[in-house]
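Each chain, written out:
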Amino acid sequence: MGKLTVRALRAVLVVVLAGTVLVQAFMVWALASGSDPEDGSLPLTPLRVITILGLVSVQVALVCVWRLVTMVRRGTVFSHAAFRYVDGVIGAIVAAALVWFAVTVINAPGQRDDPGVTVIMGGIAMAILGVALIVLVLRMLLAQAVARDVEAAQMQAELDEVI
């Protein structure tokens, strides 16, 4: 991975992380100030809490990706230490899907006239879970690469002994 690519990715990660922290701060402020409408027409408090939780899952994924990029840059990504961060990304994606399911459930009663919106939102949650499965497959490929790397190191050590 080139230096320009790493810098560009890190810049994007910093901007997104700063944006999520800013939105979380506004959400916490709105929860603390109690600025929901008096008539209760909108379930803003549950949606704000869910938004905060969703942003936490995004932040976890961002930190894990940052760590993986650091490992790629150092050439240590094909090690057992990388699994912790890949698992973090998978967990964050699953958490995001669960958060989206919660949004769908909260939104569903307001969509009785048009249930297609709820079905579409459920489909989006399934697509998010599909992304988690894709990352899981990539984790399995990483596991194979790590195993091959260990095997190659053992063969090299045996070859060095023979020579």
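Criteria and thresholds
- Residues numbered from 1 in each chain as written.
- Predicted model: local features only at pLDDT ≥ 70, side-chain atom pairs only at ≥ 80, totals over all residues.
- Heavy atoms only, no water.
- Phe/Tyr/Trp six-rings, centres within 6.5 Å; stacked < 30°, edge-to-face > 60°.
- Lys NZ or Arg CZ within 6 Å of the ring centre and 35° of its normal.
- Helix = DSSP H or I, 4+ residues; strand = E, 2+ residues; numbered from the N terminus.
- Expected span 1.5 Å × (residues − 1).
- Buried < 20%, exposed > 50% of the residue type's maximum accessible area, 1.4 Å probe, protein only.
- Contact = heavy atoms within 4.5 Å.
- Salt bridge = Lys/Arg side-chain N within 4 Å of Asp/Glu carboxyl O.
- Core = buried A, V, L, I, M, F, W, Y, C linked by side-chain atoms within 4.5 Å.
- 1 Å grid on protein atoms, 1.4 Å probe; cavity = no way out; pocket = protein on both sides within 12 Å on 5 of 7 lines; lining within 4 Å.
- Points joined across faces, edges and corners; volume = space filled by probe spheres on them.
- Nonpolar A, V, L, I, M, F, W, Y, C, P; charged D, E, K, R; others polar.
- pLDDT = per-residue confidence, 0-100.
- Axes fitted to C-alpha atoms, helices over the stretch in contact; angles between N-to-C directions.
- Parallel < 35°, antiparallel > 145°, perpendicular 65-115°, else oblique.
- Left-handed = near helix turned anticlockwise from the far one by under 90°.

A. Expanded view of the packing of aromatic side chains. Applying the stated criterion across every chain, the model contains 0 aromatic pairs. Over the face of the ring belonging to W66 we find R10, whose NZ or CZ atom lies 4.8 Å from the ring centre.

B. Broad picture of helix α4 (residues 116-162). With 47 residues, α4 extends 69 Å from end C-alpha to end C-alpha; this agrees with the ideal 69 Å at 1.5 Å per step. Among the residues of α4, M121, G122, A125, A132, V135, L142 and V146 are the ones counted as buried. In this fold, the buried residues of α4 make contact with α3 (81-107).

C. Region of the structure containing the pattern of salt bridges. Counted under the stated rule, the structure contains 1 salt bridge. The salt bridge partner of R139 is D87, with a shortest N-O separation of 2.5 Å. Residue R139 is located in helix α4, and its partner D87 is located in helix α3; the two are separated by 52 residues in the primary sequence. Its relative accessible area of 23% is what places R139 among the partly exposed residues. The partly exposed category is assigned to D87, whose relative accessible area is 35%.

D. The nonpolar core, seen in detail. Counting residues in each nonpolar core, the largest one holds 15 residues, and the members touching the most others are L68, M71, A82, V86, V135 and L142. Of all the elements in the fold, those that place two or more residues in this core are α2 (44-74), α3 and α4. The element best represented in this core is α3, accounting for 7 residues. Aside from chain neighbours lying at most four places away, what touches A82 is L68, M71, V77 and L142.

E. Representation of the layout of surface pockets. Its boundaries defined by the atoms lining it, the largest pocket holds a volume of some 300 Å³. Surrounding the largest pocket, 15 residues form its lining, L68, V72, V77, V86 and L142 being those nearest its centre. Going through the elements one at a time, α2, α3 and α4 are the ones with two or more residues in the lining of the largest pocket. Grouping the amino acids of the lining of the largest pocket by side-chain chemistry returns 14 nonpolar, no polar and 1 charged.

F. Structural context of the environment of V21. For V21, the location among the structural elements is in helix α1 (residues 3-33). Spatially, the C-alpha atom of V21 lies 35 Å from that of A145, the residues being 124 residues apart in sequence.

G. Up close: the confidence of the model for the protein chain. Put simply, the protein chain has an average pLDDT of 89, and 94% of its residues get 70 or more. α3 holds the highest mean pLDDT among the elements of the protein chain, 94, whereas α1 holds the lowest, 90.

H. A look at the packing of α2 against α3. One way to put it is that α2 packs onto α3 with a least axis distance of 9 Å and a crossing angle of 160 degrees. Here α2 lies roughly antiparallel to α3, going by the angle between them. By crossing handedness, the relation of α2 to α3 is classed as left-handed. Across the contact of α2 with α3, the residue classes break down as 22 nonpolar, 3 polar and 1 charged.

I. Expanded view of the side chain of S57. As for its placement among the helices and strands, S57 is situated in helix α2. Beyond its immediate sequence surroundings of up to four residues, S57 is in contact with A92, A95 and A96.

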